[in-house]
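# Structural characterization, general
Okay, here's what each chain looks like letter by letter:
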Amino acid sequence: MKFVVLGGYGIIGKVVVFDLFKKCKDCEIIIAGRNMEKAKQYAGSFRNKRVKYAKVDITNIDSTLLLLKNSDVCVNCVQYYFNTTIMKACLAARVNYIDLGGLFHETKKQLRLHSKFKKINRLAIVGCGGTPGITNVLAEYGASLLKKFNSIEMFFADKDDTEYNQPFVLPYSFKTIIDEYTKKPAVLKNGKLVFVKPHSGAKEYMLKGYGKLKGFYSLHSELATFPSSFRDKKLKNCEFRVTFKEEFSNVMQTLTELGFTSGKAMEFNDNKIPVIDITALIMDQWLIKPETRVKDEELLRVDFDRGKLAMDAISKSRFNIPGGTYNVGVPCSIASQMIPEMNSRGISGVLPPEKVVKPEIFFKELKKRGISVLKNNRKIN
């Protein structure tokens with residue numbers, strides 16, 4: 001099999017490539033992106049002819065099409081804004097596709113390409129990282145155990161014992177985090193999808209081992225698919241909350257209030273650059289340093305009917321990869337390796353994980369990689 005991993009040298013892309021290389025012994029992997037040097041450097045670190053690199057401009061469909069020709073799966077690990085553009089290149093190249101999520105609105109646009117992927121007998125799995133991704137499969141498994149349910153509530157928790165030698169830590173893409181803080185969250189209330197005020201829906205959780213968590217509504221991709229995926233189960237209410245630490249939230253809020261996350265362009269050396277692009281570049285310095293010895297853990301929870309059934313996935317840091325990062329890259333790799341088998345069964349179109357990924361097989365693969373799945377606090381994998 002041949003995988004093209006767009007953004008394969010990024011925070012999550014590196015984990016996807018690492019897992020593909022480790023678990024798919026006969027796979028060819030191409031690490032691609034706009035930065036040739038980064039792609040070359042990461043590909044070279046494997047010292048294996050199965051891992052190659054390429055430069056590509058994903059905003060140019062012809063350029064992306066040329067790269068994707070004769071590959072089996074395009075694994076998209078770049079900023080979600082480009083998901084639909086990349087999918088159109090996959091259609092032209094007749095290649096399967098998978099990504100990490102489209103933060104609701106992009107996911108909705110992607111789903112409109114369903115008939116086109118069906119027509120060429122190819123599959124596009126939208127949103128298969130941690131959340132969305134693991135959460136979707138947890139929801140599908142939980143739903144299979146219940147005749148019906150009224151509500152699904154999702155959130156995450158983490159504990160971090162890492163000794164950081166930096167005053168601030170950015171866990172993943174700054175732009176995505178800002179979108180999660182500032183865009184109106186989608187919430188399913190009494191069977192109706194509504195958009196509510198950012199940072200609303202405050203709620204406290206208390207989890208053993210994680211302590212007290214403060215959550216608030218956030219825009220997420222699960223809300224783009226769960227209402228239809230679980231309509232037959234009588235789902236009427238669905239919500240997703242993020243539970244970032246208060247200190248972290250204060251920094252994000254301050255940057256937003258002071259205009260540092262604005263999309264408006266400023267003129268600099270005769271070039272007009274969006275303010276948020278400059279801020280994102282500056283914030284990159286607060287990504288976890290490679291030399292940091294990471295010791296953390298992340299829990300993803302999908303709760304049915306306020307405690308009637310709780311499904312969890314727990315990931316600890318491994319190979320010096322933070323638990324939350326590992327929890328995103330690994331499931332994307334697992335699902336991408338499942339796609340050719342799905343093709344053989346005639347599965348095609350644009351579909352979310354809950355519609356195509358078999359939970360039992362997926363959970364076994366997670367276990368092989370050290371990620372535990374629990375039902376009402378008891379391991380099932």
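Residues numbered from 1 in each chain as written. Predicted model: local features only at pLDDT ≥ 70, side-chain atom pairs only at ≥ 80, totals over all residues. Heavy atoms only, no water.

### Quick notes on the pattern of salt bridges
Definition in use: Salt bridges are defined by distance alone: a side-chain nitrogen of Lys or Arg within 4 Å of a carboxyl oxygen of Asp or Glu. Each helix is a run of DSSP H or I of at least 4 residues and each strand a run of E of at least 2, with the numbering of both proceeding from the N terminus. Think of it in three bands: residues with accessible area under 20% of the maximum for their type are buried, residues over 50% are exposed, and the middle band is partly exposed, with areas taken using a 1.4 Å probe on protein chains only.
Counting across every chain of the model gives 14 salt bridges. Across the pair Asp-158 and Lys-245 runs a salt bridge whose closest N-O atoms are separated by 3.5 Å. With a gap of 87 residues between them, Asp-158 in strand β7 (residues 151–160) and Lys-245 in the loop between β12 (237–242) and α10 (246–257) connect regions that are remote in the sequence. Taking relative accessible area as the criterion, Asp-158 reaches 25% and is therefore assigned partly exposed. With a closest N to O distance of 4.0 Å, Lys-159 and Glu-297 form a salt bridge.

### Side note on unusual backbone geometry
In this structure, Pro-132 follows Thr-131 across a cis peptide bond, with omega equal to 10°. Of note, Pro-132 is situated in the loop between β6 (123–125) and α7 (134–145). Of note in the backbone geometry, Arg-94 takes a positive phi value of approximately 60° without being a glycine. Residue position: Arg-94 is located in the loop between α4 (83–93) and β5 (96–99). For Arg-94, a relative accessible area of 44% puts it in the partly exposed group. One non-glycine residue, His-199, adopts positive backbone phi at about 70°. Mapping His-199 onto the fold places it in the loop between β9 (192–195) and β10 (203–207).

### So, the nonpolar core
Heads up, the condition is: Here the nonpolar core consists of buried residues drawn from Ala, Val, Leu, Ile, Met, Phe, Trp, Tyr and Cys, with membership extended through side-chain atoms lying within 4.5 Å. The contact criterion used throughout is that any non-hydrogen atoms of two residues lie within 4.5 Å.
Counting 89 residues, the largest nonpolar core has Ile-152 and Met-252 as the members making the most contacts within it. Looking at this core, the element that brings in the most residues is helix α12 (residues 323–344), giving eight residues. Setting aside chain neighbours within four positions, we find Ile-152 in contact with Phe-226, Phe-230, Leu-235, Asn-237, Cys-238, Glu-239, Val-302, Asp-303 and Phe-304. Core analysis: the next-biggest nonpolar cluster, separate from the first, contains 25 residues, Tyr-97, Leu-113, Ile-120 and Val-350 among them.

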